[in-house]
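Below are the chains, spelled out letter by letter.
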Amino acid sequence: MAVQDILTSEGLPEPDQIFPNEYKTSCFVKNVVKAANIFIGDYTYYDDSAAPTEFEKNNILFNYPQFWEKLVIGKFCQIASGTKFIMGSANHRLCSVTTYPFNVFGGAFSENTLDHISQLPHKGDTVIGNDVWLGRKSVEKLSNVPLDIKIFWYCISILNYNMHELL
């Protein structure tokens, strides 16, 4: 594909293209994510030399529709290879005698225990604002924590707190 085939008439990259350049290592992720609870803005890209179009499968972990939480990523964000988003259903229930998720293993376990998903703590949506750079292998576990400032997360960082409290 020639460069002119992926540009708008104004010479800008076409936001509805999967690959914004001829290298095919970066993709505009809104065009490859299909889950109804994930919203991604125009021009936000994920860079991965192995499989950039498998962003939803490889990088958004524990995304179960019945948990009713959203992942919202703004426009013009830059997501480096290996970045992971851990959704809220990765938690274990804290309101019973044990944190063990018996129900998810089926059989007599699920017949004699309450539904696991309905008992998980709901911490809210994960929202990342516009123009945020998420560095290589960063892990985002930001339920109910808005990340709306122009800041970047460096390699192999784990985020689980409100940045506004630190500034």
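Residues numbered from 1 in each chain as written. Predicted model: local features only at pLDDT ≥ 70, side-chain atom pairs only at ≥ 80, totals over all residues. Heavy atoms only, no water.

This part is about the pattern of salt bridges. Between side chains of opposite charge, a pair can form as their charged atoms come close. All told, the structure shown has four salt bridges when counted by the stated rule. Ionic pairing is found between aspartate 42 and lysine 30, a salt bridge with its closest N-O pair at 2.5 Å. One end of the pair, aspartate 42, is in the loop between strand E2 (38–40) and strand E3 (45–47); the other, lysine 30, is in the loop between strand E1 (26–28) and E2, and 12 residues separate them in sequence. For the salt bridge of glutamate 54 with lysine 57, the shortest nitrogen-to-oxygen distance reads 3.7 Å. Judged by its relative accessible area of 63%, lysine 57 is exposed. (Salt bridge = Lys/Arg side-chain N within 4 Å of Asp/Glu carboxyl O. Helix = DSSP H or I, 4+ residues; strand = E, 2+ residues; numbered from the N terminus. Buried < 20%, exposed > 50% of the residue type's maximum accessible area, 1.4 Å probe, protein only.)

Glancing now at the nonpolar core. Side chains that are nonpolar tend, in soluble globular proteins, to be buried together. Counting residues in hydrophobic clusters, the biggest one holds 20 residues, and the most contacted among them are Phe55 and Phe85. Put simply, the parts of the chain that give this core at least two residues each are E2 and strand E5 (71–73). Those residues in contact with phenylalanine 55, other than ones at most four positions away along the chain, are Val29, Val33, Ile40, Tyr46, Ile60, Ile79 and Phe85. (Core = buried A, V, L, I, M, F, W, Y, C linked by side-chain atoms within 4.5 Å. Contact = heavy atoms within 4.5 Å.)

Positionally, asparagine 103 belongs in the loop between strand E7 (84–86) and helix H2 (107–111). Discounting chain neighbours no more than four positions away, the residues touching asparagine 103 are Phe109, Ser110, Thr113, Leu114, Asp115 and His116.

Moving on, we get to the packing of aromatic side chains. A full pass over the atoms with the stated rule returns seven aromatic pairs. Residues phenylalanine 28 and tyrosine 43 carry aromatic rings whose centres are separated by 5.5 Å and whose planes lie at 85 degrees to one another, so their mutual orientation is edge-to-face. Of this pair, phenylalanine 28 sits in strand E1 while tyrosine 43 sits in the loop between E2 and E3, and the two are 15 residues apart along the sequence. A centroid spacing of 5.2 Å and a plane angle of 10 degrees characterise the contact between tyrosine 43 and phenylalanine 76, whose relative ring orientation is stacked. Pair noted here: tyrosine 43 is in the loop between E2 and E3 and phenylalanine 76 is in the loop between E5 and strand E6 (78–79), with a separation of 33 residues, a long-range link. With a relative accessible area of 48%, phenylalanine 76 lands in the partly exposed category. The rings of Tyr100, Phe102, Phe105 and Phe109 are connected pair by pair, giving a single aromatic cluster. (Phe/Tyr/Trp six-rings, centres within 6.5 Å; stacked < 30°, edge-to-face > 60°.)

On to the environment of lysine 137, then. Within the secondary structure, lysine 137 sits in the loop between strand E9 (133–134) and strand E10 (139–140). On the basis of relative accessibility, which here comes to 41%, the residue lysine 137 falls in the partly exposed class. Between the alpha carbons of lysine 137 and glycine 82 there is a distance of 4.2 Å; along the sequence they are 55 residues apart.

A few words now on the confidence of the model for the protein. Looking at the protein, the pLDDT average stands at 80 and 80% of residues meet or exceed 70. Within the model, the stretch residues 149–158 combines pLDDT values under 50 with 28 contacts to residues more than four positions away or in other chains. (pLDDT = per-residue confidence, 0-100.)

With that settled, consider the environment of asparagine 63. By the secondary structure assignment, asparagine 63 is in the loop between strand E4 (60–61) and E5. As a C-alpha pair, asparagine 63 and isoleucine 38 span 25 residues in sequence and 9.4 Å in three-dimensional space. In this structure, asparagine 63 is in contact with Ala35, Asn37, Ile38 and Met87, ignoring residues within four places of it in sequence.

Okay, the side chain of threonine 83 next. By secondary structure assignment, the location of threonine 83 is in the loop between E6 and E7. Looking at threonine 83, the relative accessible area reads 0%, which means it is buried. Looking at threonine 83, its side chain comes within polar contact range of the main-chain oxygen of alanine 80, at 2.9 Å. Once residues lying within four places of it in the same chain are set aside, the contact partners of threonine 83 are Asn59, Leu134, Gly135, Lys137, Ser138 and Glu140. (Polar contact = N/O pair within 3.5 Å; in protein donor to acceptor, adjacent residues only side chain to side chain.)

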